[in-house]
Amino acid sequence: MFRFHKPLDIITLFHKASSPASVRLATALRQASAAASETSTEDQASDHSAQSQAARREEFKLEITESPPTPDQLQTILEYVGQNRISSIVKGATTQKEALRKFQESVENFQRPVVVDWNNGKAQAGENESEILKMINALPK
């Protein structure tokens with residue numbers, strides 16, 4: 001039987017190589033990506049049945065970029081984080097309109113690191129690794 005395969009979810013890290021927090025986060029995301037893509041085969045010596053039955057994140061494509069988001073991407077990210085957390089994405093902004101204006105004035109107003117799960121409509125800014133990994137590992141509803 002022929003079946004269409006679901007494309008991999010895309011998770012993007014807007015990275016800043018000079019930021020130790022961003023570097024730690026990139027490492028943690030690479031590990032999470034590797035863990036999500038790990039599969040065990042029947043010919044392995046140990047029994048992995050408990051792992052395969054446990055709910056876990058499906059494999060995803062991790063993109064790490066030092067480029068800023070496009071204005072359209074930024075608008076989507078702002079929608080994902082919600083009105084109360086806009087300032088965590090763009091310095092000094094309290095509304096989407098103000099955030100887009102400040103971003104166009106200077107891309108340096110975009111505060112990295114920012115992780116975006118495009119397929120599940122989630123974004124998290126900052127260096128709180130545990131919150132970001134919780135977002136990444138949350139199973140889609």
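Residues numbered from 1 in each chain as written. Predicted model: local features only at pLDDT ≥ 70, side-chain atom pairs only at ≥ 80, totals over all residues. Heavy atoms only, no water.

Student: Teacher, can you tell me more about helix H5 (residues 129-137) here?
Tutor: Counting along an α-helix, one turn takes 3.6 residues, and residues three or four places apart therefore face a common direction. By the burial criterion, the buried members of H5 are Ile 132, Met 135 and Ile 136. Buried residues in H5, looked at end-on, bunch into an arc of 100°, giving them a common side. Turned more than 90 degrees off the buried face of H5, the exposed positions are Ser 130 and Lys 134. (Buried < 20%, exposed > 50% of the residue type's maximum accessible area, 1.4 Å probe, protein only. Helix = DSSP H or I, 4+ residues; strand = E, 2+ residues; numbered from the N terminus. Arc of directions from axis to C-beta.)

Student: Mind showing me how you'd approach the nonpolar core here?
Tutor: Within soluble globular proteins, side chains that are nonpolar tend to cluster in buried spots. By size, the foremost hydrophobic cluster in this structure holds 16 residues, and its most contacted members are Leu 74, Ile 77, Ile 89, Phe 110 and Val 114. Listed by contribution, the elements that provide at least two residues to this core are helix H3 (71-81), helix H4 (96-105), strand S3 (114-117) and strand S4 (122-125). Counting residues per element, this core draws most heavily on H3, which supplies 4 residues. Counting residues in hydrophobic clusters, the runner-up holds 13 residues, among them Leu 25, Ala 26, Leu 62 and Val 115. (Core = buried A, V, L, I, M, F, W, Y, C linked by side-chain atoms within 4.5 Å.)

Student: Quick question: what am I supposed to make of the pairing of S3 here?
Tutor: Regular strands show a simple pattern: their side chains alternate between the two faces of the sheet. Neither face of S3 is exposed, since Val 114 and Val 116 on one face and Val 115 and Asp 117 on the opposite face are all buried. Note that strand S1 (residues 9-14) and S3 share 4 bridges and pair antiparallel. Note on S3: the bridge partner recorded for Ile 11 is Asp 117. The pairing of S3 with S4 spans 4 bridges and is antiparallel. Bridging from a neighbouring strand, Val 115 pairs with Gln 124 of S4. Taking the residues that link successive antiparallel strands as the turn, the S3-S4 hairpin has 4 residues, and the phi of Gly 121 there is positive, at about 65°. (Pairing = 2+ DSSP bridges.)

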